[in-house]
Amino acid sequence: MQNKNNAWLWIPTLYFASGLPYHAITSISDIMYKDMGIGNAQIAMYTSLLLIPWTIKPLWSPIVEMISTRRKWTLASQLLLAICFAAIALAIPSSHFLLLTLVAFFIGAFVSSTHDIALDGFYMLALPQEKQSFFSGIRNTFYRIATVFSSGVLVMIANRIAEKSGNGQTGWSATFAITGAIMLALYLYHKKAVPSPASDTARTTSSIKDAFSNYGDIISSYFQKPGIWQALLFLLLFRFPEAQLAKMGKLFLMDSAAQGGLALDKGEIGLIYGVIGVIGLIIGGIVGGICISRKGLKYWLWPMVVAISLPDAVYIYMSSALPQDMTVISSCIFIEQLGYGFGFTAYTLYMIYFAQGKYPTAHFAISTAFMSLGMMLPGMFAGKLQESMGYENFFIWVTACTLITFIVSALVKIDPNFGKRQK
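Residues numbered from 1 in each chain as written. Predicted model: local features only at pLDDT ≥ 70, side-chain atom pairs only at ≥ 80, totals over all residues. Heavy atoms only, no water.

Novice: How should I be thinking about unusual backbone geometry in this particular structure?
Specialist: Across residues other than glycine, the phi torsion is negative in most instances, and most of the peptide bonds are trans. Non-glycine residue Ala263 carries a positive phi angle of around 60 degrees. Secondary-structure assignment places Ala263 in the loop between α11 (240-254) and α12 (266-295). Ala263 sits in the partly exposed class, given a relative accessible area of 48%. One non-glycine residue, Leu322, adopts positive backbone phi at about 50 degrees. Summarising the element assignment, Leu322 is placed in the loop between α14 (314-321) and α15 (326-354). A relative accessible area of 28% places Leu322 in the partly exposed class. (Helix = DSSP H or I, 4+ residues; strand = E, 2+ residues; numbered from the N terminus. Buried < 20%, exposed > 50% of the residue type's maximum accessible area, 1.4 Å probe, protein only.)

Encoded structure:
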């Protein structure tokens, strides 16, 4: 393929290829298992464990840095992800589908997190600094498009195929086969379209030794940062309510009225969560970024804490009133996701703020590991809690947990000028 230096030919598709497997593994799996009759406690536990690879990602990121090139890691990961999704498609009709699909999802999670490590490194090597800044918005946009496609379009495709075939398993099997085919097509395209920058080389023996010697310093210097314990509490607990809500929200919409849910089909879930909800999330994130660029993170921290916390109460209303009007349900999800997108901006900016210093990239990666851990642990037990409390009491509990978000936000110290756009 000619003109590989034109980043428009590969940046959008590379970051679509990054977002598609992540959300297929972490979001679609919840809906699929619910649709196939798995209980909430099992779903929450098993699918939360799928976050482990992203949680421990910093542990093997040096291996990706040391062995082979970032380009080869990126391409190999895309091919392996295509195989993983094909394996899921084949496993779904099996009598042992739960075990087999979980194994394939877990392998896919490791491959997807490895793909993220390699891609972020490749991005910095393949583009000069001025282009990195320009394309940062483009990469985020196409990652979010992948979110809409995987959490929304693919779920609606599964519903459509299931309705035509009369078999839910057929719908999910076909959907993951389509996902695998898309990843294979992206791999074949990127094999031709993605450049091979001269700086993207395998490490020498001496550079590998240097990397290992630096690794200990990277870890120790992170935990020696001023305010480390306050930062860790913030990273782990800021999303404590959301970690529980994220696991149960979709399942609540799918459960029958007898179980306290809204009895929506998966096509409606795909539209509400995967399209309308994601649009709210994107708008909230964009507005949050604009606000912080004008007044700084410290100024906007508390409005963002309120925004990420109070809209959780819409679930108390829905679990009590059990509305059937799609406009009402969609509006509630949109409001909650809009607030989450706006409030989450403070969290991501704080990770950047705390990573400042000697190893900003590596320290940011460590913070993202704590971010994943903060979502994984509460999510594991959310299903058990919901089954014992019922949906309405569970959502009251989640909303009460927002007090924790306020407490950990009060602990952190932030430079008033951080995040402000320089005039």
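Novice: What am I meant to see in the environment of Leu50 here?
Specialist: Mapped onto the elements, Leu50 comes out in the loop between α2 (40-49) and α3 (52-55). When its relative accessible area of 2% is taken as the criterion, Leu50 is described as buried. Remark: the alpha-carbon pair of Leu50 and Ile407, spanning 357 residues in sequence, is separated by 29 Å. With sequence-adjacent residues up to four places away left out, Leu50 is seen in contact with Ile25, Ser29, Leu102, Phe105, Phe106 and Ala109. (Contact = heavy atoms within 4.5 Å.)

Novice: How should I be thinking about the packing of helix α1 (residues 11-35) against helix α5 (residues 70-91) in this particular structure?
Specialist: Helices that pack against each other are described as a pair by the angle of their axes relative to one another and the distance between those axes. Direction vectors running N to C along α1 and α5 enclose 35 degrees, while the axes themselves pass 11 Å from each other. You can see that α1 and α5 cross each other, and the crossing is left-handed. Contacts between α1 and α5 involve Leu14, Ala17, Pro21, Ala24 and Ile25 on the former and, on the latter, Thr74, Gln78, Leu81 and Phe85. Of the residues belonging to the contact of α1 with α5, the class tally is 7 nonpolar, 2 polar and no charged. (Axes fitted to C-alpha atoms, helices over the stretch in contact; angles between N-to-C directions. Left-handed = near helix turned anticlockwise from the far one by under 90°. Nonpolar A, V, L, I, M, F, W, Y, C, P; charged D, E, K, R; others polar.)

Novice: Could you clarify how one ought to interpret the nonpolar core in this entry?
Specialist: Nonpolar side chains tend toward joint burial in soluble globular proteins. Grouped together as the largest cluster of nonpolar side chains are 63 residues, with contacts concentrated most on Tyr33, Trp172, Phe176, Leu253, Tyr315 and Met318. Among the elements that make up this core, the one with the highest residue count is α1 (9 residues). The next biggest cluster of nonpolar side chains, apart from the first, holds 33 residues, and it includes Tyr222, Ile292, Tyr340 and Phe418. (Core = buried A, V, L, I, M, F, W, Y, C linked by side-chain atoms within 4.5 Å.)

Novice: Would you take a moment to explain the packing of α14 against helix α17 (residues 391-400) for this structure?
Specialist: Two numbers describe how α14 lies on α17: the axes approach to 8 Å, and their chain directions differ by 170 degrees. It follows from the interaxial angle that α14 and α17 lie roughly antiparallel. Taking contact as the criterion, the partners of Tyr315, Ile316, Ser319 and Ser320 in α14 are, on α17, Tyr391, Glu392, Phe395, Ile396 and Thr399. (Parallel < 35°, antiparallel > 145°, perpendicular 65-115°, else oblique.)

Novice: I keep staring at empty space enclosed by the protein and nothing clicks. Help me out?
Specialist: Any space left empty among the atoms is revealed by the rolling of a water-sized probe across them. Within the structure shown, the criterion is met by 1 cavity of 30 Å³ or more. Reported here for the largest cavity is a volume of approximately 40 Å³. What lines the largest cavity is Phe238, Arg239, Pro241, Glu242, Ile308, Ser309, Asp312, Thr402 and Thr405. Within the residue set of the lining of the largest cavity, elements represented by two or more residues are α11, α13 (297-309) and α18 (402-411). In terms of residue class, the lining of the largest cavity is made up of 3 nonpolar, 3 polar and 3 charged. (1 Å grid on protein atoms, 1.4 Å probe; cavity = no way out; pocket = protein on both sides within 12 Å on 5 of 7 lines; lining within 4 Å. Points joined across faces, edges and corners; volume = space filled by probe spheres on them.)

Novice: Sorry, what's going on with a nonpolar patch on the surface here?
Specialist: On the surface, Leu79, Leu80, Ile83, Leu184 and Leu188 cluster together into a nonpolar patch covering about 420 Å² of accessible area. For the nonpolar patch, the elements supplying multiple residues, two or more each, are α5 and α8 (168-193). Broken down by element, the nonpolar patch gets its largest block of residues, 3 residues, from α5. Within the element layout of this structure, Leu79 appears in helix α5. (Patch = residues over 30% accessible without salt bridge, like charges linked within 9 Å, V, L, I, M, F, W, Y side chains within 5 Å. Areas by Shrake-Rupley, 256 points an atom, 1.4 Å probe, with all protein chains shown as cover. Salt bridge = Lys/Arg side-chain N within 4 Å of Asp/Glu carboxyl O.)

Novice: Would you take a moment to explain the side chain of Thr55 for this structure?
Specialist: Within the secondary structure, Thr55 sits in helix α3. Residues contacting Thr55, with those up to four places away along its chain left out, are Ala369, Ser372, Leu373 and Met376.

Novice: Please clarify how the packing of aromatic side chains should be interpreted in this entry.
Specialist: Overall, the coordinates contain 30 aromatic pairs when judged by the stated rule. On the numbers, 5.3 Å between centres and 80 degrees between planes, the contact of Tyr222 with Phe223 is edge-to-face. Given the relative accessible area of 36%, Phe223 is considered partly exposed. Between the aromatic rings of Tyr222 and Phe354, the centroid separation amounts to 5.6 Å while the plane-to-plane angle is 85 degrees, which identifies the pairing as edge-to-face. Residue Tyr222 is found in helix α9 (residues 205-222), and its partner Phe354 is found in helix α15; the two are separated by 132 residues along the sequence. (Phe/Tyr/Trp six-rings, centres within 6.5 Å; stacked < 30°, edge-to-face > 60°.)

Novice: Would you take a moment to explain the pattern of salt bridges for this structure?
Specialist: Should their charged atoms come close, side chains of opposite charge can pair. Considering all chains together, one arrives at 5 salt bridges under this definition. Put simply, Asp255 and Lys34 hold a salt bridge, and the shortest N to O gap is 2.8 Å. In this pair, Asp255 is assigned in the loop between α11 and α12 and Lys34 in helix α1, connecting sequence segments 221 residues apart. Of the two residues examined, Asp255 and Lys34, each falls in the buried class.

Novice: Mind showing me how you'd approach α18 here?
Specialist: Think of an α-helix as turning once every 3.6 residues; residues three or four places apart then point the same way. Along α18, the residues that are buried comprise Thr402, Thr405, Val408 and Ser409. Along the long axis of α18, the arc covered by the buried residues comes to 115 degrees, so they all point the same way. At its buried positions, α18 is contacted by α10 (228-237), α11, α13 and α17. (Arc of directions from axis to C-beta.)

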